[in-house]
Structure formats: C-alpha cells, structure tokens
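What the coordinates show
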Amino acid sequence: MRHFDYKDGEMFAEDVALREIAENVGTPCYVYSTATFERHYNVFANSFKGIDALVAYSVKANSNIGILATLAKLGAGADVVSGGELQRALTAGIPAKKIVFSGVGKTADEMRAALMAGIRVFNVESLPELYVLNGVAAEMDVKAPIAFRVNPDVTAGGHEKISTGKKENKFGIAWSHAERAYAEAASLDNIEIVGVDVHIGSQIDNLAPFEKAIAKVGDLISRLRANGHTIRSFDIGGGLGIPYGDNSITPPPPDQYGAMVKRLTADMNVEMIFEPGRMISGNAGILLSKVLYVKEGEDRKFLIVDAAMNDLLRPALYDAYHEIEPVKAPGNAYDEVTYDVVGPICESGDTFTKARDLPEMKAGELLVMHSTGAYGAAQASQYNTRPLVPEVLVKNGSYEIIRERPTIADILKTERLPSWL
Ligand code: LLP
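For clarity, every value in this text was computed on a predicted model and none was experimentally measured.

1. Some details on the side chain of Glu-325
Along the chain, Glu-325 turns up in strand S16 (residues 324-326). With a relative accessible area of 16%, Glu-325 lands in the buried category. Only 2.8 Å separates the side chain of Glu-325 from the side chain of His-370, close enough to count as a polar contact.

2. A word on the site of the ligand
The environment of the ligand is made up of 18 residues, and the closest members are Ser-202, Glu-275, Arg-314, Tyr-318 and Tyr-375. Separating a nitrogen atom of the ligand from a side-chain N or O atom of Glu-275 is a distance of 2.6 Å. The contact in question runs from an oxygen atom of the ligand to an N or O atom on the side chain of Tyr-375, over 2.6 Å. Relative to its unbound accessible surface of 590 Å², the ligand loses 93% to contact with the protein. In terms of residue class, the shell around the ligand is made up of four nonpolar, eight polar and six charged.

3. Considering the packing of aromatic side chains
Counted by the stated rule, this structure contains eleven aromatic pairs. Both rings, one in Phe-44 and one in Tyr-257, keep their centres 5.9 Å apart while their planes meet at 25°; by these two values the pair is stacked. On the criterion of sequence distance, the pair formed by Phe-44 in helix H2 (residues 34-46) and Tyr-257 in helix H9 (residues 254-265) is long-range, its members being 213 residues apart. Neither Phe-44 nor Tyr-257 differs from the other in exposure class; each is buried. Between Phe-48 and Phe-274, the ring centres sit 3.8 Å apart and the planes meet at 20°, which makes this aromatic pair stacked. You can see Phe-48 sitting in the loop between H2 and strand S5 (53-58) and its partner Phe-274 sitting in strand S13 (residues 271-274), a full 226 residues away along the chain. Take Phe-274: its relative accessible area is 0%, and that puts it in the buried class. Here a set of aromatic residues connected by ring pairs shows up, and it is made of Phe-44, Phe-48, Phe-210, Tyr-257 and Phe-274. Directly above the ring of Phe-12 sits Lys-7, whose terminal nitrogen or CZ lies 4.8 Å from the centroid.

4. Here's the deal with the domain arrangement of the chain
Looking at the assigned domains, one finds that the chain contains domain 1 (4-31 + 282-412) and domain 2 (103-274). Taking the mean C-alpha position of each, domain 1 and domain 2 sit 36 Å from one another. In this complex, domain 1 contributes ten residues to the contact, which on the side of domain 2 involves eight residues. Approximately 820 Å² of surface area, both sides summed, lies buried where domain 1 meets domain 2, with 55% of it carried by carbon and sulfur atoms. Connecting domain 1 to domain 2 are one residue pair in polar contact (both at pLDDT 80 or more).

5. Some points on the pairing of strand S15 (residues 301-305)
Pairing geometry for strand S14 (residues 285-296) and S15, over five bridges, is antiparallel. Within the sheet, the bridge partner assigned to Glu-296 lies in S15 and is Lys-301. What sits between S14 and S15 in their antiparallel hairpin is a turn of four residues. Taken together, the four bridges between S15 and strand S17 (residues 336-342) define a ladder with parallel strand orientation. Each bridged residue has a counterpart across the sheet, and for Phe-302 the counterpart in S17 is Asp-340.

Rules behind the numbers
- Note that residues are indexed from 1 along each chain, following the sequence as it is written.
- The predicted origin of the model limits local features to residues at a pLDDT of at least 70 and limits the giving and counting of side-chain atom pairs to 80 or more, whereas totals for whole chains, interfaces and linings rest on all residues.
- Derived side-chain values reflect all non-hydrogen atoms in the structure, with water molecules and hydrogen atoms excluded from consideration.
- Secondary structure is summarised from DSSP: a helix means a run of H or I of at least four residues, a strand means a run of E of at least two, and numbering begins at the N terminus for each.
- Three exposure classes are used, based on accessible area relative to the maximum for each residue type with a 1.4 Å probe and protein chains only: buried under 20%, partly exposed in between, and exposed over 50%.
- Within 3.5 Å is the distance limit for a polar contact, defined as a pair of N or O atoms, with the added protein rule that one can donate a hydrogen and the other accept it, and that residues adjacent in sequence qualify only through two side-chain atoms.
- Put simply, a residue is near a molecule or strand once any heavy atom of it comes within 4 Å of that molecule or strand.
- For the accessible areas, the method is Shrake-Rupley and the probe is 1.4 Å, while residue cover comes only from the protein chains on display.
- Any residue outside Ala, Val, Leu, Ile, Met, Phe, Trp, Tyr, Cys, Pro, Asp, Glu, Lys and Arg is labelled polar, Gly included; the first ten of those are nonpolar and the last four are charged.
- Note on aromatic pairs: the rings of Phe, Tyr and Trp (six-membered ring only in Trp) are paired at centre separations within 6.5 Å, and the planes decide the class, stacked below 30 degrees, edge-to-face beyond 60, tilted for the rest.
- Two conditions define a charge sitting above a ring: the NZ of Lys or the CZ of Arg must be within 6 Å of the ring centre, and it must be within 35 degrees of the ring normal.
- Domain borders in the structure are assigned automatically or taken from a domain database.
- Whether two residues touch is decided by their heavy atoms; if any such pair falls within 4.5 Å, the residues are in contact.
- Each of two parts loses accessible area, computed with a 1.4 Å probe, when they are put together; buried area is these two losses added.
- For two strands to pair, DSSP has to find at least two bridges joining them.

Shown next, in the form of structure tokens:
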C-alpha cells in the first residue's frame with residue numbers, strides 16, 4: 001500500500017492532494033505520511049514479538065519532533081548522537097529510559113545532559129571517551145550505564161560514505177581491543193557495563209553481514225561473560241536498506257530480518273536493541289517541488305526545479321537515486337522526455353538525476369522526489385541563503401506544518417556586523 005499515489009488524476013499523500021499543500025505551504029517542501037510511519041514502525045517492532053526488544057529509532061534519519069512524537073506514541077525509543085537530538089527526543093515525549101546515546105565524539109556537556117535525563121545506555125566508542133564519561137559521572141555521583149560499540153570488521157553498506165563496520169572506519173572499539181576495553185571499564189568506579197553495541201553500515205541489502213556481525217558479537221558476549229562481566233543488552237544498530245525504485249537493491253523484508261535475529265540470538269539471553277532509521281522514515285516522505293524552467297541545452301533538456309541540493313543532499317553526496325514523478329497523473333498516453341533534473345544552486349553537483357525519462361513537464365508543474373523521508377530534511381542546509389525547507393505531516397485527510405519555512409529576516413537575525421565596521 002503506497003500512501004503517496006494517484007487518485008482522480010493527481011498525486012495524494014494519504015487523502016490530501018499534494019497540489020493543495022503546494023498552494024498553501026509553497027514549494028519546495030517535504031511531505032510525510034503518518035500512516036506510512038506507523039506501518040513501518042509496527043511491521044518492524046512486530047517482527048520481534050516474543051523477545052525482549054527495544055526499537056530505538058535513529059533520530060538522525062528524520063529528527064522533526066512531530067515525527068518523533070508520532071513514533072513515541074507507538075512505543076519507540078530513540079538512538080541519539082548529540083545533545084541536540086537528545087533534547088529533541090525528550091521534547092517529543094520519548095522516555096529517557098528508551099534513549100541510547102551513540103557517536104564517536106560526545107562532549108562532557110552532552111554526557112552531563114544525558115546522565116541528568118537518565119538515559120538507558122551510552123554506546124561508548126573509545127577509551128578516552130570512557131574516561132571523560134567516568135569523570136562526568138563521578139562529579140554527579142552517579143554510575144553511567146555503558147555498552148562498547150565494537151567494530152566487527154564486517155563489510156556492509158550501500159555506499160563507501162555510509163559503510164561503518166570495517167576496521168578502517170572511525171567507528172567502534174577495534175575488535176582485538178574489545179576485551180581489554182571491558183576490563184578497563186570494569187575497573188572504573190562510575191561506570192556500569194550493561195551491554196555490547198555494533199552498527200555496521202546503512203542501506204544494507206542482504207542479511208549476510210548482519211548474520212556475520214551477530215555471530216561475532218555472540219562469541220564476544222560469551223568471552224566477556226567468562227571474564228566476569230554482566231552483559232544484559234545487545235544493540236545491533238540500524239542499517240536495513242529500503243527500495244528506492246531503481247531496482248538496484250531488493251532489501252530483505254523486516255520480518256525476515258526479525259526472524260534471522262531471533263534465530264541467531266535465541267541462546268544469548270540478552271535484551272535486543274535496534275536502531276533503525278531509513279527503514280522507518282525513508283519511504284514515509286517525499287520532496288515536493290515545482291518546475292521553474294525547461295531549458296534546452298546543446299545536447300539535452302534540463303528540468304530546472306525549485307528544490308536544490310541544500311534541500312536534498314543525497315544525490316550530490318552519495319549519487320543516490322530518487323524516483324521522480326509528476327504530481328499531475330500522466331494518464332495512459334503521454335510523451336516521455338529525457339531530462340537532467342537540476343536545482344538552482346550554482347554548482348554542477350546540484351543535479352538530482354541525469355538523463356531520466358519522465359512524462360513531459362512544463363514550467364509551473366509540480367513533481368515529487370520519492371523516498372526522501374530519511375536523510376532529506378535532516379541533512380538540509382541554507383546554502384545559497386535558501387531558507388531551510390519546510391516539513392508537512394499528513395494524517396488521513398488533514399495536514400499540518402511541522403517545520404516552518406524561515407524568512408530571510410529569520411536567517412539574517414542570527415548574523416552580526418562586527419563592531420569595527
Ligand atoms: N545507528 C547508528 C550508530 C548509525 O550511525 C546510523 C546511521 C543508524 C543507527 C541508522 O542507520 P539506518 O537504519 O538509517 O541505515 N546520510 C546517509 C546515511 C547515513 C547513515 C549514518 N548512520 C544516507 O542518506 O544514505
């Protein structure tokens with residue numbers, strides 16, 4: 001069931017015509033479907049029925065508090081990687097006890113805020129970080145619950161820039177140092193060891209790397225327990241891929257992933273923690289944009305649209321594919337034209353796709369870029385002084401703006417002329 005689909009000759013998000021949103025909110029803007037978020041979350045969470053599991057949605061994928069609150073209502077926890085994301089998760093009503101804190105560069109202030117809130121666990125990535133955390137916890141006279149993020153040296157991930165579980169990546173404790181790190185943690189007064197954590201990459205298209213990582217961690221858990229440590233949780237990170245409409249990958253469905261995890265961890269006697277991001281939010285959002293100009297080049301046609309790489313960075317950064325469709329249904333017989341779809345930013349990298357066959361489009365017509373609910377708005381910037389792209393959440397026949405488009409005055413308000421000018 002697609003919640004962004006054609007009805008009566010035009011594309012809807014659930015029961016709201018995208019044309020109506022474009023008229024009232026303006027373009028470009030992101031539009032999200034509550035029903036899709038709910039379905040993705042429930043399918044994922046239900047695949048772990050019967051085992052002790054926490055789904056800690058990876059906030060970085062789509063961090064709008066309207067989205068976080070939607071997921072909180074379904075029982076989601078959160079995986080955060082900064083003090084800002086922590087504040088978002090708490091503001092959205094996610095209980096601190098369901099929040100895990102990941103990331104290689106947590107500051108002492110961020111640790112303090114997380115300890116103050118009483119989060120479930122810090123996923124610690126190095127000994128220097130452990131020592132700082134121990135110090136902050138000592139000042140506050142508390143014990144910090146930790147898991148080490150270990151690096152299992154497993155190759156996985158849809159693009160070199162989003163592969164994280166190999167030994168050359170900056171993430172995690174080197175596999176060969178893991179036991180020593182746990183011994184060190186056990187010797188510190190204000191640290192409490194609670195588990196083990198891994199995250200091997202993103203947009204992963206098959207179960208094999210997960211199976212490999214789980215087997216390796218299972219082994220490590222046995223050794224750690226033999227060394228006298230208490231290991232209660234196993235956080236397997238995020239990373240399950242999604243279809244982007246180009247048939248380049250066919251990721252395993254979440255229930256197969258769930259069955260695999262259940263099978264491989266049956267004897268581990270741990271609480272499982274999951275940090276899915278893309279799988280929950282990727283196909284729950286589209287970027288709605290308008291054609292500004294159709295430009296004839298020497299050997300190609302450019303569709304110049306009002307969205308740009310500052311609004312959706314994925315094609316420029318990862319050569320990502322996003323399916324593009326007109327909002328007005330093309331009907332049965334239509335002319336197809338080959339376009340390069342580009343934005344207004346002064347860089348050739350501001351190209352969403354090259355040589356894409358699309359129904360013929362004219363200036364003023366609307367189009368959508370699909371599968372942009374994850375790492376779309378969250379990675380947007382104001383480059384070229386283009387105001388941060390707004391976000392709209394649809395629920396059945398209603399919609400509301402969940403992030404406003406700033407005015408240029410809002411942007412300039414944060415800047416100052418130096419006193420010497
Ligand atoms: N946990 C940790 C520790 C992570 O670093 C990530 C993603 C996740 C969970 C969620 O992974 P997911 O389930 O979404 O694959 N901007 C890139 C993706 C970067 C992923 C970074 N880490 C993109 O647009 O493809």
